[in-house]
Amino acid sequence: MPSPSYWLVKSEPDCYSIDDLARDGETYWSGVRNYQARNSMRDGMQPGDGVLFYHSSTEPMGIVGLATVSRAAYPDHTALDPDDDHYDPRHTPDTPVWMMVDIRFDRKLDPPITLAELRSNPALTDMVVLRRGNRLSVTPVTPEEWRTVVAMRP
DNA sequence: GCCAACGTTGGC
DNA sequence: GCCAACGTTGGC
């Protein structure tokens, strides 16, 4: 049994917020249309892995909650629907291109850990999500970074 | 609204 | 296969 890995997922709260996840309890993380992010889900994310839930393009930006991967990667059905914004004609049931995982709500962080607070913590300077210009919606988090973040809102 | 940092597209 | 143009993301 490999030890759990840790991840950060970004979402614009207008699209899907931590309160939506708290309400739903569990959701499928669909709509990722970036190969590197897909590969993280397909090749990395396993049930039990820890997830930092991040709100982007809002005020305040930052980590707003914790979740757990509850199902390993499987085909993203939203890519099959021509009426869906994330439709991709290359994606078929027999040859899926895009994948998603399920995540389960754990808890909210109160108050959220703002982007400024993350940037001011020396232990987090190498965090992938803080890298200048980063646009990945799913990024890996090291065990040290996970411990540091969780310790900020025990 | 601006712009940096990419990823994607398409002409050649 | 190269690379310029274009589109998107997302912080500021």
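Per chain, the residues get numbers from 1 upward, laid out in the order the sequence is written. Here chains are named by letter from A upward and ligands by number from 1 upward, in the order in which they appear as written. Per-residue local features of the predicted model are confined to residues with pLDDT of at least 70, and side-chain atom pairs are confined, for both listing and counting, to 80 or more; whole-chain, interface and lining totals are unaffected and use all residues. The basis for every side-chain value is the complete set of heavy atoms in the structure, and neither hydrogens nor water enter the calculation.

### A closer look at the pairing of strand S4 (residues 62–75)
Link 1 in the chain: For every residue, the accessible area (1.4 Å probe, protein chains only) is compared with the maximum for its type, and the residue is labelled buried under 20%, exposed over 50%, or partly exposed between those bounds. Each helix is a run of H or I in the DSSP string that is no shorter than four residues. Each strand is a run of E no shorter than two, and both are numbered from the N terminus. Of all 14 residues in S4, 10 are buried, a share of seventy percent or more.
Link 2 in the chain: DSSP calls a pair of strands paired once it identifies at least 2 bridges connecting them. Remark: six residues form the turn of the hairpin made by strand S3 (residues 50–55) and S4, two consecutive strands paired antiparallel; Ser57 in that turn has positive phi of roughly 50°.
Link 3 in the chain: Here S4 runs beside strand S5 (residues 99–114); their pairing, made up of 10 bridges, is antiparallel. Across the sheet, residue Ile63 finds its bridge partner in S5, namely Ile113.

### A closer look at the protein's contact with DNA strand B
Link 1 in the chain: One heavy atom within 4 Å of a molecule or strand makes the whole residue count as near it. In the vicinity of DNA strand B, the residues found are Tyr35, Gln36, Arg131, Arg132, Gly133 and Arg135.
Link 2 in the chain: Near the protein, within 4 Å, the atoms of DNA strand B are sugar or phosphate in 81% of cases.
Link 3 in the chain: What qualifies as a polar contact is a pair of N or O atoms within 3.5 Å, subject to a donor-acceptor requirement within protein and to the restriction that residues adjacent in sequence count only when both atoms come from side chains. Note that a base oxygen of DNA strand B is positioned 2.8 Å from one of the side-chain N or O atoms of Arg135.

### Thoughts on helix H2 (residues 35–44)
Link 1 in the chain: For H2, the set of buried residues is Ala37, Arg38, Ser40, Met41 and Gly44.
Link 2 in the chain: A contact between two residues is defined here by any heavy atoms of the two lying within 4.5 Å. In this structure, the buried residues of H2 make contact with strand S1 (6–11), S4, S5 and strand S6 (138–141).
Link 3 in the chain: For H2, the N-terminal capping position is held by Asn34, with its side-chain oxygen 3.0 Å away from the main-chain nitrogen of Gln36.

### Remarks on the packing of aromatic side chains
Link 1 in the chain: Aromatic rings from Phe, Tyr and Trp, taking only the six-membered ring of Trp, are treated as a pair when their centres fall within 6.5 Å; an angle between ring planes under 30 degrees marks them as stacked, one over 60 as edge-to-face, and anything in between as tilted. Enumeration over the complete set of coordinates arrives at four aromatic pairs.
Link 2 in the chain: With a centroid separation of 5.5 Å and an interplanar angle of 80°, the aromatic rings of Trp29 and Phe53 are classed as edge-to-face. Of this pair, Trp29 sits in the loop between strand S2 (26–28) and H2 while Phe53 is found in strand S3, placing the two residues 24 residues apart along the sequence. Note on accessibility: Trp29 and Phe53 belong to one class, buried.
Link 3 in the chain: With centroids separated by 4.7 Å and ring planes inclined at 35°, the aromatic side chains of Tyr35 and Trp98 adopt a geometry described as tilted. Linking Tyr35 in helix H2 with Trp98 in the loop between S4 and S5, this pair joins segments that are 63 residues apart in sequence.

### Describing the pairing of S5
Link 1 in the chain: Pairing of S2 with S5 involves three bridges; the strand directions are antiparallel. Paired with Thr27 across the two strands is Ile103, which belongs to S5.

### What to know about the protein's contact with DNA strand C
Link 1 in the chain: Lining the immediate surroundings of DNA strand C are Lys10, Tyr54, Ser56, Ser57, Met61, Leu115, Arg119, Asn134 and Arg135.
Link 2 in the chain: The contact atoms of DNA strand C, taken as those within 4 Å of the protein, divide so that sugar and phosphate hold 76%.
Link 3 in the chain: In the model, a phosphate oxygen of DNA strand C is placed 3.3 Å from a nitrogen or oxygen of the Lys10 side chain.
Link 4 in the chain: Note that a phosphate oxygen of DNA strand C is positioned 3.0 Å from one of the side-chain N or O atoms of Tyr54.

### With respect to the sheet that holds S4
Link 1 in the chain: An order of S2-S5-S4-S3-S1-S6 is seen for the six strands of this open sheet, with the pairing classed as mixed. The open sheet has two edge strands with one neighbour each: S2 and S6. With direction set aside, neighbouring strand axes in the sheet form an average angle of 35°.
Link 2 in the chain: Running at roughly 60° to S3, helix H4 (residues 143–152) makes contact with S1, S3, S4, S5 and S6 of the sheet. Simply put, an axis is a line fit to the C-alpha atoms, just over the touching stretch for a helix, and the angle between two N-to-C directions goes from 0 to 180 degrees.

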